[in-house]
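The lines below spell out each chain.
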Amino acid sequence: MGAGFGDAVGRSSSAWPACPGPTRKMPPSASATDFFQLFVPDNVLKNMVVQTNLYAKKFQERFGSDGAWADVTLPEMKAFLGYVISTSTSHCESVLSIWSGGFYSNRSLALVMSQARFEKILKYFHVVAFRSSQTTHGLYKVQPFLDSLQSGFDSAFRPSQTQIYVHLKEGGGPDGLDALKNKPQLHSMVARSLCRNAAGKNYIIFTGPSITSLTLFEEFEKQGIYCCGLLSSRKSDCTGLPPSMLSSPATPPARGQHSIRMKGSMSLICWYNKGHFRFLTNAYSPVQQGVIIKRRSGEIPCPLAVEAFAAHLSYICKYDDKYSKYFISHKPNKTWQQVFWFAVSIAVNNAYILYKMSDAYHVKRYSRAQFGERLVQELLGLEDTSPGL
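Residues numbered from 1 in each chain as written. Predicted model: local features only at pLDDT ≥ 70, side-chain atom pairs only at ≥ 80, totals over all residues. Heavy atoms only, no water.

The chain has the name PiggyBac transposable element-derived protein domain-containing protein in an unreviewed UniProt entry, where Muntiacus muntjak is given as its organism.

Right, dumping it as structure tokens:
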């Protein structure tokens, strides 16, 4: 099939919505909680209250009564979330340090709820208490929350582009990172799942080497989804690609030079910049030129697909630089809880992004750390969130 690649004209497409940005105007008096609850509203928190109490009841029916337990309330659930979210700004892995009297202790927070009560809620905390007969995957305990969160993201903000982050559990087991290494077919399965709602929207999907493949890209193209991916002869599924483009010549070309092979709308690009970089795309024409700007080297010529991929990667790096240090530091053992708190971290970060784009930011210019601290205090009931304050 490699011989099928020859000279042809590529195509490009775009997926920019007409009016990207927030979908609703928040008042100048909006609090940190107001922004957070665009994604985690009271009805979601009330469901956590119900599910936690159901789980506690069932647990005690099976293993014996817990005399120290009393049903959790909505204010307590908000405080519980606030305590765990506080680890995103304190960067302390143990939320119990709040009550410790040590370096990470916080007397004002500790007075809202006793450590014993927090630990009881932590013991029984659930988003979904029981498995339904239709459940087919291991994340059933958190899936309704993830669906609600995604719905909140979609309704609150119209993005100019979407960044997809895949979090794999470290270690062994059927759902672990070790089980997915060197298995491009499983990576493609993840990509199909993430893009299941993207068909017909003219989206451009950027992929890493473990997902990039001719078969997947052709499948997506039939759905109206276009792709640009970094290719690796070691990590990628290279079936159908010309072997001559996957090996490096004995004499390296000049920096910025590239070669291209085509098959229909698909371009295989080999670009040199202190090493060979290969890209597979059906989203950009190979005749369109771009440029990579380096602080020391100046401008380096490249195909537009290479420039677009580099720009996309820089967006991810910028997000990591600005916001990854504010992920919740609490480290639970159960996979569904790890996913839950990771998702809450994203919700808080997105809440801050909306806050910065609102009139409320011009009233009090909170930094990301200050916004997180303010949110924690509001969730614990230590700050009045009424208008005008």
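There's more to say after this.
1. Structural notes on the overall build of the chain
Inclusion rule: Put simply, DSSP H or I for four residues or longer makes a helix, DSSP E for two residues or longer makes a strand, and each gets a number counted from the N terminus. Here, residues are in contact when the closest pair of their heavy atoms is within 4.5 Å.
Broken down by element type, the chain carries 14 helices and 9 strands. Once local pairs closer than 6 in sequence are excluded, the contacts in the chain between residues at least 24 apart make up 65%.

2. Some details on the nonpolar core
Quick reminder of the rule: As used here, the term nonpolar core means buried Ala, Val, Leu, Ile, Met, Phe, Trp, Tyr and Cys residues forming a set that is joined through side-chain atoms within 4.5 Å. Three labels apply to residues, based on accessible area from a 1.4 Å probe with only protein chains included: buried if under 20% of the type maximum, exposed if over 50%, partly exposed otherwise in between.
The biggest cluster of nonpolar side chains holds 64 residues, and the ones touching the most others in it are Phe 35, Phe 39, Tyr 83, Phe 145 and Phe 340. Among the elements that make up this core, the one with the highest residue count is helix α12 (residues 335-356) (12 residues). Leave out the neighbours within four places in its chain, and Phe 340 touches Met 48, Leu 81, Phe 125, Val 127, Val 142 and Phe 145.

3. Focus on helix α10 (residues 214-222)
Put simply, the rule is: Taken from the helix axis, the directions to the C-beta atoms give the arc we talk about.
For α10, every residue scored as buried is listed here: Leu 214, Leu 216, Phe 217 and Phe 220. Mapping the buried residues of α10 onto a view down its axis gives an arc of 165°, with all of them on the same face.

4. So, the environment of Ile 205
In this fold, Ile 205 is placed in strand β3 (residues 204-207). Note on Ile 205: relative accessible area 14%, which makes it buried. Through-space distance from the C-alpha of Ile 205 to that of Cys 228 is 6.2 Å; in sequence the pair is 23 residues apart. The contacts of Ile 205, once residues within four sequence positions are left out, are Cys 195, Ile 225, Tyr 226, Cys 227 and Cys 228.

5. Focus on the packing of aromatic side chains
Put simply, the rule is: Between rings of Phe, Tyr and Trp, where Trp is taken as its six-membered ring, a pair exists when centres lie within 6.5 Å; planes separated by under 30 degrees are stacked, by over 60 edge-to-face, and by other angles tilted. Geometrically, a lysine NZ or arginine CZ counts as sitting over a ring once it is within 6 Å of the ring centre and also within 35 degrees of the ring normal.
Using the criterion set out here, one finds 27 aromatic pairs in the structure. Seen from their ring centres, Phe 59 and Tyr 124 are 5.6 Å apart, and the 70° between their planes marks the pair as edge-to-face. Note that Phe 59 is positioned in helix α2 (residues 42-63) and Tyr 124 in helix α6 (residues 115-124), a separation of 65 residues in sequence. A relative accessible area of 24% means that Phe 59 is categorised as partly exposed. Feature note: the residues Phe 80, Tyr 83, Trp 99, Phe 118, Phe 125, Phe 145, Trp 336, Phe 340 and Trp 341 constitute an aromatic cluster, connected by ring pairs. Residue placement shows Arg 117 over the ring face of Trp 69; its charged tip is 4.9 Å from the ring centre.

6. Details of the packing of helix α3 (residues 74-85) against α12
Applied cut-off: Note on method: axes are straight lines fitted to C-alpha atoms, helices fitted across the in-contact stretch only, with angles between N-to-C directions ranging 0 to 180 degrees. Should an angle fall under 35 degrees it is called roughly parallel, over 145 degrees roughly antiparallel, and 65 to 115 degrees roughly perpendicular, with every other angle called oblique. Only Asp, Glu, Lys and Arg are considered charged in this grouping, and only Ala, Val, Leu, Ile, Met, Phe, Trp, Tyr, Cys and Pro are considered nonpolar; every other residue, Gly among them, is considered polar.
Running from N to C, α3 and α12 point in directions that differ by 85°, and their axes come no closer than 11 Å. Comparing the axis directions of α3 and α12 gives the class roughly perpendicular. Of α12, the residues touching α3 (which contributes Phe 80, Leu 81, Val 84 and Ile 85) are Phe 340, Trp 341, Val 344 and Val 348. Residues belonging to the contact of α3 with α12 are distributed by class as follows: 8 nonpolar, no polar and no charged.

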